[in-house]
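These are the residues of each chain, in order.
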Amino acid sequence: MNLSNYHIADRLVIEVPEIIDIANTDQVAAGLQGLLRAPGACRIVIDLRAPLITVAGLQTLLHCQRTARARGMTLSVAADRPMVRKAFRLTGVHRTIPVHSSLAAALEAA
């Protein structure tokens, strides 16, 4: 999957506009992993724009977090939808991947 992305200083912002679910998790994971392997950014912010996130989506992001850490990068998430942030909190994923309520907040913290 070709994910829109852009740089702000040393931060790479990756836009994920759709729900990550069992039907597209392989494509999203491949797109994210490809971007994590590209040179040029040490801080990654994933901008989740979907109204919700599934277990498959959380697992995909956790896998990306492990890849980022192994490469010496940081990864955080911007999620402006309350249901997405709630899923991170209820599952405890927010302890591993920092989640922010806006892209501006995520960029500031990154």
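Residues numbered from 1 in each chain as written. Predicted model: local features only at pLDDT ≥ 70, side-chain atom pairs only at ≥ 80, totals over all residues. Heavy atoms only, no water.

## Considering the nonpolar core
Point 1. Ranked by internal contacts, the top residues of the largest apolar core, which has 27 residues, are Leu32, Ile44, Ile46, Leu48, Leu61 and Phe88.
Point 2. Secondary-structure elements contributing two or more residues to this core are β2 (11–16), α1 (25–36), β3 (43–48), α2 (55–70), β4 (74–79) and α3 (82–91).
Point 3. Setting aside anything within four residues of it in sequence, one finds Leu48 in contact with Val16, Ile53, Leu61, Val77, Ala78, Ala79, Asp80, Val84 and Phe88.
Point 4. Counting six residues, the second-largest nonpolar core is a separate cluster that includes Val13, Val45, Ala106 and Ala110. (Core = buried A, V, L, I, M, F, W, Y, C linked by side-chain atoms within 4.5 Å. Buried < 20%, exposed > 50% of the residue type's maximum accessible area, 1.4 Å probe, protein only. Helix = DSSP H or I, 4+ residues; strand = E, 2+ residues; numbered from the N terminus. Contact = heavy atoms within 4.5 Å.)

## Digging into α2
Point 1. If you check α2, its first and last C-alpha atoms are 23 Å apart, about what 16 residues at 1.5 Å a residue would give, namely 22 Å.
Point 2. Along α2, the residues classified as buried are Ala56, Gly57, Leu58, Thr60, Leu61, Cys64, Gln65, Thr67 and Ala68.
Point 3. Where α2 is buried, its residues meet α1, β3, β4 and α3.
Point 4. Where α2 terminates, the next one or two residues include Gly72, which has phi positive at roughly 75°. (Expected span 1.5 Å × (residues − 1).)

## Points about α1
Point 1. The terminal C-alpha atoms of α1 lie 16 Å apart, and with twelve residues this matches the ideal 16 Å at 1.5 Å per residue to within 8%.
Point 2. Of the residues making up α1, those classed as buried are Thr25, Val28, Ala29, Gly31, Leu32, Gln33, Leu35 and Leu36.
Point 3. The elements touched by buried residues of α1 are β1 (5–8), β2, β3, α2 and β4.

## A look at the confidence of the model for the chain
Point 1. In the predicted model, the chain carries a mean pLDDT of 92, and 99% of its residues have values of at least 70.
Point 2. For the chain, per-element mean pLDDT is lowest for α1, which scores 91, and highest for strand β5 (residues 99–100), which scores 98. (pLDDT = per-residue confidence, 0-100.)

## A few points about the pairing of β3
Point 1. Counting buried positions over the six residues of β3 gives five, a clear majority of the element.
Point 2. The sheet contact formed by β2 and β3 spans six bridges and is parallel. The partner of Val16 across the bridge, within β3, is Leu48.
Point 3. This β-α-β element, β2 to α1 to β3, shows right-handed connectivity.
Point 4. Relative to β4, β3 runs parallel, the two sharing six bridges. Residue pairing across strands places Asp47 opposite Ala78, the latter belonging to β4.
Point 5. The handedness of the β3 to β4 crossover, carried by α2, is right-handed. (Pairing = 2+ DSSP bridges. Right-handed = clockwise from strand over helix to strand, strands pointing away.)

## As for the packing of α1 against α2
Point 1. With their axes 10 Å apart at the nearest point, α1 and α2 run at an angle of 20° to one another. With respect to α2, the element α1 is oriented roughly parallel. The handedness of the crossing between α1 and α2 comes out as right-handed. Each of Thr25, Ala29, Leu32, Gln33 and Leu36 in α1 lies in contact with α2, whose residues at this interface are Ala56, Thr60, Leu61, His63, Cys64, Thr67 and Ala68.
Point 2. In terms of residue class, the contact of α1 with α2 is made up of seven nonpolar, five polar and no charged. (Axes fitted to C-alpha atoms, helices over the stretch in contact; angles between N-to-C directions. Parallel < 35°, antiparallel > 145°, perpendicular 65-115°, else oblique. Left-handed = near helix turned anticlockwise from the far one by under 90°. Nonpolar A, V, L, I, M, F, W, Y, C, P; charged D, E, K, R; others polar.)

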